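Okay, here's what each chain looks like letter by letter:
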Amino acid sequence: MDLPAFPLVLGIESSCDEMAAAVVRGGREILASVVEGQHDVHRPYGGVVPELASRDHVRAVSHVARAALEAAGVDANELDGIAVTSGPGLVGSLLVGLSFGKALGFRLGVPLVGVHHLVGHLVAAELAEPDLAPPYLGLVVSGGHTALYRVESDGPALLGETRDDAAGEAFDKVAVLLGLGFPGGPAVSKAAEQGDPAAVDFPRPMSKQPGLDFSYSGLKTAVAIEIERRGGRAALQSAEIADLAASFEAAATDVLVTKARRALRREGLGSVAVVGGVAANRRLREQMTAVGEREGFRVVFPPSNLCTDNAAMIAAAGARLLERGERDALDLNAFSRAPLGSRAGG
Ligand code: KG4
Ligand code: ZN
């Protein structure tokens, strides 16, 4: 029996501080993708405040979903399925998107499927470059995760991950240390443009050790110690801030390139897809692409708006699950943490 097709899927994403909705056709074509961030809500606190995030999602969810349908020129009754991020993420935030998706799916009588946020990030690469086919290496670098996967058609297998902070978390913490404001990743990256990446030789944690794991908390501490050595943040000149940002960014991104090359060799793969918010980083994009050209592997970076959190990736991942016959019932729950893919090898 042929499995039913799911031409029009509404995706909903609310795992952290972005409320997003998108309509994707045939699992590949983005008809509309709307993202409403909450930076102004969290800026005074220098980081995401979970309770404020979920409250703002309640405010935004209906109009963001409506805006996506309108921009796609699709009536809700035409939808064939609903895909919603069920985790990992902030549970209060996830529950807002999840409850909305369940209610809409129930009212329309269409199937609902929960999507693992990291599967969504990985699928963004296939959305960006439709001829990218498994097996390939997936490098997820976001605010909550830093991990390498061997992506096969039946799902990803974990090759290595961070033992402490995520890469994006390190960018966010260094932004606070340097007084660069919120959100941290883009702020550090912008300051780094004026700086010298060789000004301070920060450690490249775990690069000398074998294996494919990462560690970012030591690098963040190294930046803190260097700031103290120079008399504290208040004593820093803006040129020094730029140099520290650039040197940190170089160390943080070098490690990602080193480990991706190692994983490609070890796994005998010819392509790497770099996804998640940190994949929007310009230096990482330039370095990885240059090494790929030199060494003959394909490097896929989705456009920045598909790297940071969005619902198009969730709709596309959901369409793949629905086509495989996967469904979730109304008791689908949110989860804050869950590993993706069992660990393959050492
Ligand atoms: O994937 P994402 O939007 O949300 C999570 O799933 O975590 O990633 C957000 C992370 C944040 O830590 C943010 O600082 C980082 O991605 N980020 C960047 C850049 N843009 C966003 N880090 C470095 N350079 C950027 N341009
Ligand atoms: Zn994310």
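Attention in this report is confined to the structure presented alongside it. (Residues numbered from 1 in each chain as written. Chains lettered and ligands numbered in written order. Predicted model: local features only at pLDDT ≥ 70, side-chain atom pairs only at ≥ 80, totals over all residues. Heavy atoms only, no water.)

Looking at the sheet that holds strand 8 (residues 155-161)
- Overall, mixed pairing links the five strands, which are arranged 8-7-6-9-10 in an open sheet. Looking along the sheet, the strands with just one partner apiece sit at the ends: strand 8 and strand 10 (298-300). Averaged over all pairs of adjacent strands, the angle between strand axes in this sheet comes to 25 degrees, irrespective of strand direction.
- The sheet contact formed by strand 7 (residues 146-152) and strand 8 spans six bridges and is antiparallel. Within the sheet, the bridge partner assigned to Glu-152 lies in strand 8 and is Gly-155. (Pairing = 2+ DSSP bridges. Helix = DSSP H or I, 4+ residues; strand = E, 2+ residues; numbered from the N terminus. Axes fitted to C-alpha atoms, helices over the stretch in contact; angles between N-to-C directions.)

A short note on the site of ligand 1
- Near ligand 1 lie 18 residues; those nearest to it are Gly-143, Asp-172, Gly-185, Gly-277 and Asp-309.
- One nitrogen or oxygen atom from the main chain of Gly-144 is found 3.4 Å from an oxygen atom belonging to ligand 1.
- Between Asp-309 and ligand 1, the recorded distance is 3.0 Å, taken from a backbone N or O atom to an oxygen atom.
- Protein contacts shield 86% of the accessible area of ligand 1, which totals 550 Å² for the unbound molecule. (Near = heavy atom within 4 Å. Polar contact = N/O pair within 3.5 Å; in protein donor to acceptor, adjacent residues only side chain to side chain. Areas by Shrake-Rupley, 256 points an atom, 1.4 Å probe, with all protein chains shown as cover.)

Comments concerning the coordination of the zinc ion (ligand 2)
- Coordination of the zinc ion (ligand 2) by the protein is provided by His-117 (NE2), His-121 (NE2) and Asp-309 (OD), with metal-donor distances spanning 2.0 to 2.1 Å.
- Within one chain, the residues serving as donors to the zinc ion (ligand 2) are arranged as H-x3-H-x187-D. Placement of both His-117 and His-121 in helix 4 (residues 117-128) is noted, with a separation of four residues, approximately one turn of the helix.
- What makes His-121 buried here is its relative accessible area of 1%. (Donors = N, O, S within 2.8 Å, 3.2 Å for Na, K, Ca; no water. Buried < 20%, exposed > 50% of the residue type's maximum accessible area, 1.4 Å probe, protein only.)

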